[in-house]
Amino acid sequence: MKEVLLSDGISMPVLGYGVYNIPASSTEKCVSEALGVGYRLIDTAQYYRNEAEVGRAVRLSPVPRGEVFLTSKVCLSSSRIPGRTRAIATESVKESLHRMGLDYIDQMLIHWPMGHDDEIWEALLSLKDEGLIRSAGVSNFYPRTLGPLVESSGVTPPVNQIEVSVYYQQKRMLPIMREKGVQVVAWSPLAEGRSAVFTDPTLLDIASLHHRTVAQVALRFLLQQGIAAIPKTVHPERMKENFDVFDFDLTQEDIDRIRLLDRGRPISHWPSDALVY
């Protein structure tokens, strides 16, 4: 598995396995299968309600814990209180550790801007100093929310998880993140399977030229731009398919054709300030 060195000195796999919308009853089996395929980055979140099952799969896996890069995300309730949010966030992360039965989490993100984000960020940085998490970052942050966070702490998050796919290429956001040294991780890198992405004529043609699948072409497009990705599937054969993307390259002509597919707007219905800069 190829890795990228983050700005905080931590190495992270560039391709991971996401468990969003996977029922808790299926999560342990799916994560175990993903680790068996070769995935070493597993992405979960408090909001997904399957941290416990992810943790059990990691603990029971023959893959050594030190070889698994586990990401989760903080999601606080509406009980956020100025001056108390840092303590609440700290306790929330410790609860995640308890649910997963692990001594540390490789990466903990703020799942989305929730208010009092500076206090949540301070909590994550302190937990990093304590060794309970190895890396801290954010998810779904854009300039108007990322800027104040950095200004308040003087620390730029090394990672930002945002929606990126062939249909939503984030042409404005990516240069901003590169300039700040922030590694972008694409969630929904296969456009959630929507908009007939798997039958897109352009992608089918490029896939045929390389004797690959549309999913592999879509993921390769992101990886060649230095974007990490966390595709999700519950099917073992598709886990293998999504993982098998490191032994071919798209040509510049391929990339230019895919760039024309960009719609400039989110495919998901997830609320964000992605279009507000």
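Higher on the page you've got the structure.
Quantities reported herein were computed from a predicted structural model and do not represent experimental measurements.

This part covers unusual backbone geometry. Of note in this structure, Ser188 is not a glycine but carries a positive phi near 55 degrees. Among the secondary structure elements, Ser188 is positioned in the loop between strand 9 (183-187) and helix 7 (201-210). For Ser188, a relative accessible area of 16% corresponds to the buried category. Non-glycine residue Glu192 carries a positive phi angle of around 55 degrees. Looking at the element boundaries, Glu192 is found in the loop between strand 9 and helix 7. Residue classification places Glu192 among the partly exposed residues on the basis of a relative accessible area of 35%.

It is possible for side chains of opposite charge to pair when their charged atoms get near one another. Taken as a whole and judged by the stated rule, the model has 12 salt bridges. The salt bridge involving Glu33 is made with Lys29; its shortest N-O contact spans 2.7 Å. Here the residue Glu33 and the residue Lys29 both occupy positions in helix 1 (residues 24-37), the gap between them amounting to four residues, near one helical turn. In this structure Lys29 comes out as exposed when scored by relative accessible area, which is 55%. When salt bridges with common partners are traced through the structure, they connect Arg65, Asp106 and Arg134 into a single cluster.

Let's shift gears to helix 10 (residues 252-259). If you check which residues of helix 10 are buried, you get Asp254, Ile255 and Ile258. The arc enclosing the buried residues of helix 10, seen along the axis, measures out at 95 degrees, which places them on a common side. Away from its buried face, by an angle of more than 90 degrees, helix 10 presents the exposed residues Gln252 and Glu253. Taken together, the buried residues of helix 10 touch helix 7 and helix 8 (214-223).

Judged by pairing direction, the sheet is parallel, and its eight strands sit side by side in the order 3-4-5-6-7-8-9-10 without closing on themselves. Looking along the sheet, the strands with just one partner apiece sit at the ends: strand 3 (17-18) and strand 10 (228-229).

Rules used in this analysis
- Residues numbered from 1 in each chain as written.
- Predicted model: local features only at pLDDT ≥ 70, side-chain atom pairs only at ≥ 80, totals over all residues.
- Heavy atoms only, no water.
- Helix = DSSP H or I, 4+ residues; strand = E, 2+ residues; numbered from the N terminus.
- Buried < 20%, exposed > 50% of the residue type's maximum accessible area, 1.4 Å probe, protein only.
- Salt bridge = Lys/Arg side-chain N within 4 Å of Asp/Glu carboxyl O.
- Arc of directions from axis to C-beta.
- Contact = heavy atoms within 4.5 Å.
- Pairing = 2+ DSSP bridges.

Note that every value here comes from positions in space, so none of it alone points to a role or purpose.
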